[in-house]
Amino acid sequence: MLVLIALTLLKVVGIVLAFVMLVATIMTWADRKQSALIQDRIGPNRASIGSVRAAGLIHILADALKTLFKEDFTPRDANQGLFRIAPFLAFVPALLAFAVIPVGDTYCPDGAFIVQNFRDVCTAGAQADYFRVSNMGAGLLCIFAIVSLGVYGASIGGWASNNKFALIGGVRVTAQMVSYEVTMGLTLVGLLMIYGTVDLNEMVRAQGTLLWGFVPMWGIVTQPVAFFLFFTAAIAETKRPPFDIPEAESELAAGYFVEYSSMRFALFTLSEYVASVLVAMMVTTLFLGGWQVPYLYGDGLHNPMTGDLALSIPYLLVKVIQIGAFCFKVLALCWLQLQVRWTLPRFRYDQLMKLGWKVILPLSLINVLVTGLWLLVAA
Amino acid sequence: MYEQYITLGILAAVAVVTGAAILFLNSILGPKRWTASKLDTFETGNEPEGDARQRFSIRFYLVAILFILFDIEVVFLFPWAVLYRQYIAAGLGLFVFIEMLVFISILGVGLAYVWRKGALEWD
C-alpha cells in the first residue's frame, strides 16, 4: 500500500505536475509570442533576471509572482462560498483527467518480452504501469466523466459573481460545453468500433498494428473524419479561441471570471491552458498513435515489409524514445492550437451552436454508420 | 484491487492541495485593502443597476435538455461500439448493425424534429 502511494505520487509529480503544468505555463508564454509573430510584433521580452531575458520566458515567473502578490477579494453582492470554490471546481477536474493517459507503454519486468502481433507481450511476471497514473480499464469513460465536471467551475463562477457579464458568460459556457461534450462523445464511437476497447493504453497498442503491411493503424488513418470533428469539438470544449464566446472581451469584458482577481483568476486561466494540453494529449493518444513510433517495438526497429528486426535497440532506450515521441506529438498539437487560435476570428454564438448541433453531430452519426458498414463489409 | 481508483484519488488530493496551497500563499502575500467601491459589482464603471439574477433566454434550457437526451444516446452507443467487432467475428454483424441502424435512425428523427421545431436556432 505504501509502495503504491509512493509510486503514484512519483507518477503524479512526474507526469501531471512536471510535464503538464510545465507545458501549460510555457503555453502562456508561447501564446503571446505566437500572437506577436502573427501580428508582426516582438511580444513580451522585458522581464529579466539580472541581464538574462531568455526571450521573454522570465515573464512566466513574473506573472506568477504578480498574481501571487495581488489582492484576493470577493465582491459584496457575490455568493461568498460558491464564488470562492468555483476556481477549484475548474482547476481540479482539469488536472484529474490526466490520470488515465498513457505517456508510455507498460513496462515488462526484467525486459522479458516477445514482440507478437505488433505489440510487446511480457513473458515473465505482470506488466507494470509506470507511465500513467491510473491503470483504469475504462480510461476513456473516466476522461469523459471528469471533463464533464469541468463545466461546473465556469458556470458556478459565472452565477456566483452576481454580475450581468458573468451570468451571461456562465450560461453561455454551460450551453457550449454540454453541446460539445455530446459531439466529442459521438465522434469517438467510430474509433471504439475499430479498436474495440476504452482502455487508452490498449487503444494505443492497437494503433501499432500495420495496415497492408506498412501503414501504422493510427486513429487518423482509420478515422480521418472523426479526427477533424473531434479536434474541433475538443477545442470548443476548452473555451479557447475561436470558440471563446463565454469570455468574449468585446461583448462581456471577461465573461464568467470578470469579478475574479489575483490567484483565483489565475486558476481559471491556468485551467484553460491545462485543458488545451489535455486536448493535445487526447488527440495524440486517440488519433496520432500515442507513444507509438512507426515500426518501433520493444526490441527495436522492424522492417515493415518483412517484419524482421532491422535495428536492435535496448529496451530502456525504446521506452525513452517512445515517451519522447509522445511529448513531441503533444507539443506539436499544442502549437497547432495556438496557430488556430491566432489565425481564426471568433465565432458568433449562433454559429457556434449551429456548428455543434447541425454540422458535427449529424456528420459524426454518419461517420458511425459508415464505419459500421465498412467493418461489416471488410469482415 | 481498487488500485486504479486509489491512484485517481491520490491525484485528486494532489490537485486539491496544489490549488489550496497557491490560494493560501496568495492570501498571506496579497494586500487586504477593501473599499466600498472596490467591493461593488463590476459594471464597466457605472453604478450597478439592479440585481444580476435576471431572466435569461429560454434557449439555454433547451440546449441543456437536448444535451441530456443526446448524451444518454452516446452512453448507449459506447458499449455497442466496443463489442461490435466481436459480434462480427461471431457472425452476428449484420444483426447488430441493423439494430444500431434503427437506434440511430430514431436518434436522427429526434434531431430532425428539434431542428424543424427551431430549437437549434439562435437569432
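All values derive from a computational prediction rather than experimental measurement.

So, how was this worked out
- Residue positions are counted from 1 within each chain, in the order its sequence is given.
- By the order in which they are written, chains take letters starting at A while ligands take numbers starting at 1.
- Predicted model: local features are reported for residues with pLDDT of at least 70 only, side-chain atom pairs are reported and counted for 80 or more only, and whole-chain, interface and lining totals are derived from all residues.
- Side-chain metrics rest on all non-hydrogen atoms present in the structure, leaving aside hydrogens and water.
- Under the scheme used here, helices are H or I runs from DSSP no shorter than 4 residues and strands are E runs no shorter than 2 residues, and both carry numbers assigned from the N terminus.
- In this treatment the radius of gyration is a C-alpha quantity, and the globule benchmark scales as 2.2 Å times the residue count to the 0.38 power.
- Only protein chains enter the calculation, and the probe is 1.4 Å; a residue is then buried if its accessible area is under 20% of its type maximum, exposed if over 50%, and partly exposed in between.
- Computed with a 1.4 Å probe, the accessible areas rest on the Shrake-Rupley method; for each residue, only the protein chains presented here act as cover.
- Lys and Arg are tallied as positive, Asp and Glu as negative. Neither His nor the chain termini are counted.
- Every charge is mapped onto a representative atom, which is NZ of Lys, CZ of Arg, CG of Asp or CD of Glu.
- Contact between two residues is taken to exist if any of their heavy atoms lie within 4.5 Å; hydrogens are not considered.
- Throughout, buried area stands for the accessible area (probe radius 1.4 Å) lost by two parts on being put together, summed over both.
- A pair is scored as a salt bridge if a Lys or Arg side-chain nitrogen falls within 4 Å of a carboxyl oxygen belonging to Asp or Glu.
- Any pair of nitrogen or oxygen atoms within 3.5 Å is treated as a polar contact; in protein, a donor-acceptor pairing is required on top of that, and neighbouring residues in sequence qualify only through side-chain atoms on both sides.
- Polar here means any residue outside two lists: the nonpolar Ala, Val, Leu, Ile, Met, Phe, Trp, Tyr, Cys and Pro, and the charged Asp, Glu, Lys and Arg; Gly therefore counts as polar.
- Residue types Ala, Val, Leu, Ile, Met, Phe, Trp, Tyr and Cys, when buried and joined through side-chain atoms within 4.5 Å, form a set referred to as a nonpolar core.
- Here the rule is simple: two strands pair whenever DSSP picks up at least two bridges between them.
- Scored from 0 to 100, pLDDT reflects the predictor's confidence in each residue.
- Take the number of residues in a helix, subtract one, and multiply by 1.5 Å to get its expected span.
- Only Phe, Tyr and Trp rings are paired, with Trp represented by its six-membered ring, and only when their centres lie within 6.5 Å; those with planes under 30 degrees apart are stacked, over 60 edge-to-face, the remainder tilted.
- Ring-over charges, as used throughout, are those where CZ of Arg or NZ of Lys falls within 6 Å of the ring centre and within 35 degrees of the ring normal.
- Domain ranges listed in this record stem from an automatic or a database domain assignment.

### A look at the overall build of chain A
Then comes step 1: Secondary structure summary: chain A contains 13 helices and seven strands in total.
Then comes step 2: Against the compact-globule benchmark of 21 Å for 379 residues, chain A has a radius of gyration of 22 Å, which places it among compact chains.
Then comes step 3: The dimensions of chain A, computed from C-alpha atoms along their principal axes, are 70 × 55 × 50 Å.
Then comes step 4: A buried classification covers 61% of the 379 residues belonging to chain A.
Then comes step 5: A total accessible area of about 14,500 Å² is found for chain A, and carbon and sulfur atoms account for 70% of it.
Then comes step 6: Each charge sign in chain A was given a centre, from 25 positive and 23 negative side chains, and these centres are 7 Å apart.

### Looking at the interface of chain B and chain A
Then comes step 1: Chain B puts 66 residues into the contact, and the matching count from chain A is 79 residues.
Then comes step 2: With both chains or domains summed, chain B and chain A bury close to 6,800 Å², and 75% of this area falls on carbon and sulfur atoms.
Then comes step 3: At the boundary of chain B with chain A, the tally comes to zero salt bridges.
Then comes step 4: Connecting chain B to chain A are eleven residue pairs in polar contact (both at pLDDT 80 or more).
Then comes step 5: Where the side of chain B that touches chain A is concerned, the elements lending two or more residues are helix H1 (3–29), helix H2 (59–89) and helix H3 (93–117) of chain B.
Then comes step 6: For the side of chain B that touches chain A, the leading source of residues is H1 of chain B, giving 20 residues.
Then comes step 7: Residue composition of the side of chain B that touches chain A, by class: 43 nonpolar, eleven polar and twelve charged.

### Considering the nonpolar core
Residue and element names in this part refer to chain A.
Then comes step 1: Residues Leu140 and Leu286 are the most contacted members of the largest nonpolar core, which totals 130 residues.
Then comes step 2: Every residue in contact with Leu286, bar those within four places of it in the chain, is listed here: Leu140, Leu188, Leu191, Leu200, Met203, Gln207, Gly219 and Phe230.
Then comes step 3: If you look at the next biggest cluster of nonpolar residues, it comprises 13 residues, including Ala78, Tyr256, Phe257 and Tyr260.

### Digging into the pairing of strand E7 (residues 309–312) of chain A
Residue and element names in this part refer to chain A.
Then comes step 1: Where strand E6 (residues 300–302) and E7 come together, three bridges link them in antiparallel fashion. If you follow His302 over to E7, its bridge partner there is Leu309.
Then comes step 2: Taken together, E6 and the strand that follows it, E7, pair antiparallel across an intervening segment of six residues, in which Gly307 is found at a positive phi of about 85°.

### Side note on the pattern of salt bridges
When the charged atoms of two side chains with opposite charge come close together, those side chains can pair.
All names here are of chain A.
Then comes step 1: Per the counting criterion, the structure on display carries nine salt bridges over all chains.
Then comes step 2: With its nearest N and O atoms 3.1 Å apart, the salt bridge here joins Arg264 to Asp72. On the criterion of sequence distance, the pair formed by Arg264 in helix H11 (residues 262–287) and Asp72 in the loop between helix H2 (58–68) and helix H3 (80–96) is long-range, its members being 192 residues apart.
Then comes step 3: Arg264 gets classed as buried once you look at its relative accessible area, which sits at 9%.
Then comes step 4: Of the charged contacts in the structure, one is a salt bridge between Glu202 and Arg205, with a shortest N-O distance of 3.8 Å.

### Points about the sheet that holds E7 of chain A
All names here are of chain A.
Then comes step 1: Read across the open sheet, the three strands follow the order E5-E6-E7; overall the sheet is antiparallel. Among the strands making up the open sheet, the edge pair consists of strand E5 (296–297) and E7.
Then comes step 2: Pairing between E5 and E6: two bridges, direction antiparallel. When the bridges of E6 are listed, Leu296 appears paired with Leu301.

### Remarks on the confidence of the model for chain B
Then comes step 1: In the predicted model, chain B carries a mean pLDDT of 84, and 99% of its residues have values of at least 70.
Then comes step 2: Model confidence for the complex: the whole-complex pTM is 0.89, and ipTM, which rates the interface, is 0.87.

### Overview of H11 of chain A
Structurally, the α-helix is built with 3.6 residues per turn, so residues lying three or four positions apart point the same way.
Residue and element names in this part refer to chain A.
Then comes step 1: In a regular helix each residue adds 1.5 Å, so 26 residues correspond to 38 Å; H11 covers 38 Å between its end C-alpha atoms and thus fits that length.
Then comes step 2: Judged by how many residues are buried, H11 sits mostly within the fold: 24 of 26 residues are covered.
Then comes step 3: One or two positions beyond H11, positive phi appears at Gly289, with a value near 75°.

### With respect to the environment of Val109 of chain B
Residue and element names in this part refer to chain B.
Then comes step 1: Note that Val109 resides in helix H3.
Then comes step 2: On the basis of relative accessibility, which here comes to 58%, the residue Val109 falls in the exposed class.
Then comes step 3: Along the chain, Val109 and Ala36 lie 73 residues apart, while their C-alpha atoms are 56 Å from each other.

### So, the packing of aromatic side chains
Then comes step 1: The full count for this structure, using the stated rule, is 20 aromatic pairs over all chains.
Then comes step 2: Relative to Phe347 of chain A, the ring of Phe243 of chain A lies with its centre 5.0 Å away and its plane at 15°, an arrangement referred to as stacked. Separated by 104 residues along the polypeptide, Phe243 of chain A in the loop between helix H9 (224–237) and helix H10 (249–252) and Phe347 of chain A in the loop between helix H12 (315–343) and helix H13 (349–378) bring together distant segments of the chain.
Then comes step 3: Ring centres of Tyr349 of chain A and Phe60 of chain B lie 6.0 Å apart, and the angle between their planes is 55°; this geometry places the pair in the tilted category. Within this pair, whereas Tyr349 of chain A is found in helix H13, its partner Phe60 of chain B is found in helix H2, the two belonging to separate chains.
Then comes step 4: For Tyr349 of chain A, a relative accessible area of 10% puts it in the buried group.
Then comes step 5: Feature note: the residues Phe83, Tyr256, Phe257, Tyr260, Phe265 and Phe268 of chain A constitute an aromatic cluster, connected by ring pairs.
Then comes step 6: Positioned above the aromatic ring of Trp159 of chain A, the side-chain terminus of Arg53 of chain B is 3.8 Å from the ring centre.

### Structural notes on the domain arrangement of chain A
Residue and element names in this part refer to chain A.
Then comes step 1: The domain architecture assigned to chain A consists of domain 1 (25–45 + 55–69) and domain 2 (75–378).
Then comes step 2: Computed from C-alpha coordinates alone, the two centres of domain 1 and domain 2 are separated by 25 Å.
Then comes step 3: For the pair domain 1 and domain 2, the summed buried surface comes to about 1,100 Å²; carbon and sulfur atoms form 71% of the total.
Then comes step 4: At the surface where domain 1 touches domain 2, the tally comes to two salt bridges.
Then comes step 5: Residue Arg341 is joined to Asp31 by a salt bridge in which the shortest nitrogen-to-oxygen separation is 2.7 Å.
Then comes step 6: Remark: the boundary between domain 1 and domain 2 carries five residue pairs in polar contact (both at pLDDT 80 or more).
Then comes step 7: At eight residues, helix H1 (residues 2–38) tops the list of elements feeding residues into the side of domain 1 that touches domain 2.
Then comes step 8: Considering only residue class, the side of domain 1 that touches domain 2 consists of four nonpolar, six polar and one charged.

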